[in-house]
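# Survey of secondary and tertiary structure
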Protein chains: 2
Amino acid sequence: MPQISEKGRQMPASPIRKLVPYAEDAKSRGVKVYHLNIGNPDLPTPPVAIAAIKNLGMTTIEYGHSAGDESLRRKLVGYYKNVGIDVDYTNILITSGGSEALLFGLMSCLNTDEEAIVPEPFYANYYGFSLTAGMNIVPVTSSIENGFALPSIEEFEKLITPKTKAIIICNPNNPTGYLYSKQELERLRDIVKKHNLFLFSDEVYREFCYDGQQHFSAMNLEGIEEHVVMVDSMSKRFSACGIRVGALVSRNKDVISTALKFGQQRLCPPVIGQLAAEAALDSPAEYYANIQAEYTRRRNFLIETINQIPGVVCPNPKGAFYAIAHLPVDDAEKFAIWLLSEFSYNNQTVMLAPASGFYSTPGLGKSEVRLAYVLNIDDLKNAMTCLSEALKVYPGRTN
Amino acid sequence: MPQISEKGRQMPASPIRKLVPYAEDAKSRGVKVYHLNIGNPDLPTPPVAIAAIKNLGMTTIEYGHSAGDESLRRKLVGYYKNVGIDVDYTNILITSGGSEALLFGLMSCLNTDEEAIVPEPFYANYYGFSLTAGMNIVPVTSSIENGFALPSIEEFEKLITPKTKAIIICNPNNPTGYLYSKQELERLRDIVKKHNLFLFSDEVYREFCYDGQQHFSAMNLEGIEEHVVMVDSMSKRFSACGIRVGALVSRNKDVISTALKFGQQRLCPPVIGQLAAEAALDSPAEYYANIQAEYTRRRNFLIETINQIPGVVCPNPKGAFYAIAHLPVDDAEKFAIWLLSEFSYNNQTVMLAPASGFYSTPGLGKSEVRLAYVLNIDDLKNAMTCLSEALKVYPGRTN
């Protein structure tokens, strides 16, 4: 029988999803599992979006435009205007989630074996997309000690080679929750300009900023207008991950026209999802205010509670709905598997995403986990109790 | 400003979609355009599928499973059983259309620079997927003279090198409408076995077989069970291209587990589309009989009418809803553009897909077009009148 590809063998299982079989196992034993492993929002999708689906007027669900429905693209222009980003609908390509936007962007901009520098820990699937696109990710390490702030310009410049073609950031950051300041972004702008790079900015958590902090978009960096490629998604903002609607946004017309050719291959993004997305954009300002308030409560609870567990250190994130915590364990992945396969407290346990999968430097993140605070406060409370009790009895506890 | 990638520059615009701007132009001048260029079924999506969407019970549209909803995968097992294919739900991975199934399959099975032999003309996006996957398509030419039958074993074997890893067929064929016989498939089986290759079989048009011909699935070839990777889609069968639901099916567990890793990267296929697909599978036998009868009528009308136009030769396809016609023109792409930009008859015109985009051997198919007979008989009649009148006056007419 023929062998599968090298790329396929190298492709790691998703650190967010690879423990799913253990969770299914726990559930089959009747144990309730609190999912802190995945950013799958639990809040209601905007009722206007649900209504748009239920009021479907089509009798034949035909292919849509490869660039996405023009009406959705035009409506997004208004949404971006509201958040201070000035673009035209021709700068927008609708994609099957932010995932496809990043993949199309990487394939459009980077040659085989070219490099993109990415602050690590980074969203694990970036690595998978880089394998698919045939380019390489070069990590620049950020640290839990300063809450995962942007590494210094010097650290970036040390990594720049003739193969460097791009920098990728996620802001607010998945998995760290770090929100880059305007000053940090301007430092990036200077590197991007000096070395003629693309700047990929994944801004799918734009609305999730806390403590009065404002999000500053890479699209508003002056002087690198044609270098910036923004990745966006409706998934998180509208608690609608399953509709699979995202966007690639760039003022660089070559990037959009090239990405469109990749888009033509796959014909079109999901038509029903686009109807839902278009309707969701009618959500009133209070919709965003409500989700922000809810996630602020959750974050406050999580960070306060988890830092009371002896040996745990978890910086307070200013954005997104993730946090990275250091745990007093020998190996966070072993611990996460143990939580699902050997531990339970009141017949409950917790599913964590081991952070090592978010680092590409071997050995880093071994004692860290990513926590997605997408559970209501009661569930978060139970999850924290489980974690606390588990750390009391875990055989691989270190301090 | 940084340059876009070589891959992006090489990626051709889709031959099916690249003339869309000309069509939009024609429409803006008030000309009605009959679309024979794209296989976008016009029949109603099964009402049960539409109802499933309208009866959406979710209030939060969360991520689904990366392999697709288990309920859909299990239901597909029953569908496949009905068409004589015996698989387990773990042999099935749900994808965003057949497009993603083929891409995941190619990336899972072929190394960079490895080769897949494909009878040409072939579905144009195969070339785009090969560029994305970093492998190469090696065409083996089939000919309009014998209705695009499978080339001989000798022709295949001439092309086999140490880099050959797969053969890709589409059966019934897009763009030719050719339906491979069991004997032809068994010849392929022998090559596949002898050279230890994967056999990719794109069977999305399985139900579209005419004149009492039966479809024989590559999944039923004996002795190469672990070599066969089937690409499937709900798009054509259920006139539901916009839901973006397809499937990768293989008894080779390594292929499915590897493809799943690519699937985890993009998180999940569209959730609402999967609800529609699952419901559509409840369509009664008469649903399939009706669409078959309707497409038979259309094919019969198209083939009879078009072959009456002087200088046109169009073999009678036994499957799918495409035909390739030779036209008496200097250059079918020039002709197709001329139809949209300079010609109209009774304020109507026709959009064709130039066939050169379906060949990878340069120069082939220059006088051929692909016709998708997805219009009702009245529209087909008008489209054929336009084509006939156009050929009377086209300045580049050759014979």
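Owing to the predicted nature of the structure, the values given are computational and were not obtained by experimental measurement. Position numbers for residues count from 1 along each chain, tracking the sequence in the order it is written. Chains and ligands are labelled sequentially in the order written, the chains with letters from A and the ligands with numbers from 1. Given that this is a predicted model, residues contribute local features only at a pLDDT of at least 70 and side-chain atom pairs are listed and counted only at 80 or more, while totals for whole chains, interfaces and linings are drawn from all residues. Remark: hydrogens and water are excluded; side-chain values derive from all non-hydrogen atoms of the structure.

Comment: elements are numbered from the N terminus, with helices defined as DSSP H or I runs of at least four residues and strands as E runs of at least two. Regarding its fold elements, chain A presents 13 helices and 12 strands. Taken over the C-alpha atoms alone, chain A extends approximately 60 × 55 × 55 Å along its principal axes. Note on exposure labels: buried denotes an accessible area under 20% of the residue type's maximum, exposed denotes more than 50%, and partly exposed covers the range between, all computed with a 1.4 Å probe on protein chains only. A buried classification covers 64% of the 399 residues belonging to chain A. In this description, contact between two residues means that some pair of their heavy atoms is separated by no more than 4.5 Å. Once local pairs closer than 6 in sequence are excluded, the contacts in chain A between residues at least 24 apart make up 76%. If you sum the accessible surface of chain A, you get close to 13,600 Å²; carbon and sulfur atoms cover 49% of it. Placing the 38 positive and 43 negative side-chain charges of chain A at their respective mean positions leaves the two points 2 Å apart. We get accessible surface area from the Shrake-Rupley algorithm with a probe of 1.4 Å; when it comes to residues, only the shown protein chains can shield them. Charged-residue counts in this description rest on Lys and Arg as positive and Asp and Glu as negative, His and the chain ends being excluded. Lysine's charge is taken at NZ, arginine's at CZ, aspartate's at CG and glutamate's at CD.

A few words now on the environment of Pro172(B). Residue placement: Pro172(B) occurs in the loop between β5 (164-170) and α8 (182-194). Look at Pro172(B) and you get buried, because its relative accessible area is 0%.

So, about the interface of chain B and chain A. Facing the 78 residues of chain B at the interface are 78 residues of chain A. Carbon and sulfur atoms make up 54% of the surface buried where chain B meets chain A, a total of about 6,400 Å² over both sides. Joining two parts hides part of their accessible area as seen by a 1.4 Å probe, and the buried area is that hidden amount summed over both. Among the residues of chain B in contact with chain A, Arg17(B), Tyr63(B) and Gln265(B) are the three that bury the most area, contributing 12% of the side total. For this document, the term salt bridge refers to a Lys or Arg side-chain nitrogen within 4 Å of an Asp or Glu carboxyl oxygen. Our enumeration of links across chain B and chain A arrives at zero salt bridges. Here a polar contact means two N or O atoms within 3.5 Å. Within protein one must be a hydrogen donor candidate and the other an acceptor candidate, and residues neighboring in sequence count only if both atoms are side-chain atoms. For the pair chain B and chain A, the interface holds 49 residue pairs in polar contact (both at pLDDT 80 or more). Among the elements that take part in the side of chain B that touches chain A, helix α9 (residues 253-265) of chain B stands out by supplying seven residues, more than any other.

Moving on to the nonpolar core. We define a nonpolar core as any set of buried Ala, Val, Leu, Ile, Met, Phe, Trp, Tyr and Cys residues linked to one another through side-chain atoms lying within 4.5 Å. Phe335(A), Leu352(A), Phe335(B) and Leu352(B) are the most contacted members of the largest nonpolar core, which has 304 residues in total. Setting aside chain neighbours within four positions, we find Leu352(A) in contact with Leu19(A), Leu36(A), Asn37(A), Leu327(A), Phe335(A), Ala336(A), Leu339(A), Val369(A), Leu371(A) and Leu387(A).

Applying the stated criterion across every chain yields a total of 41 salt bridges over all chains. Arg189(A) is paired through a salt bridge with Asp190(A); the nearest N and O atoms lie 3.0 Å apart. On the basis of relative accessible area, Arg189(A) is assigned to the buried category, the value being 17%. Across the pair Lys182(B) and Glu186(B) runs a salt bridge whose closest N-O atoms are separated by 4.0 Å. In this pair, Lys182(B) and Glu186(B) are both assigned in helix α8, four residues apart and thus about one turn of the helix distant. For Lys182(B), a relative accessible area of 38% translates into the label partly exposed. Residue Glu186(B) is classed as partly exposed on the basis of its relative accessible area, which comes to 26%. Via salt bridges that share partners, Glu203(A), Arg206(A), Glu207(A), Asp232(A) and Arg237(A) belong to a single interconnected network.

So, about the sheet that holds strand β4 (residues 136-141) of chain B. All names here are of chain B. Read from one edge to the other, the open sheet built from seven strands follows the order β2-β8-β7-β6-β5-β3-β4, with strand pairing classed as mixed. Looking along the sheet, the strands with just one partner apiece sit at the ends: β2 (92-95) and β4. The average undirected angle you get between the axes of adjacent strands in this sheet is 25 degrees. Relative to strand β8 (residues 246-250), β2 is paired through four bridges, and the arrangement is antiparallel. Its bridge partner being in β8, Leu-93 is matched across the sheet by Leu-248. In this analysis, axes come from line fits to C-alpha atoms, helices being fitted only over the stretch in contact, and the angle between any two N-to-C directions falls in the range 0 to 180 degrees. The strands touched by α8 within the sheet are β5 and β6 (198-202), with β5 carrying the most contacts at an inclination of about 165 degrees. Of the strands in this sheet, β2, β6, β7 (228-233) and β8 touch α9, which is tilted by about 145 degrees from β8. The rule for pairing is simple: two strands pair if DSSP sees at least two bridges between them.

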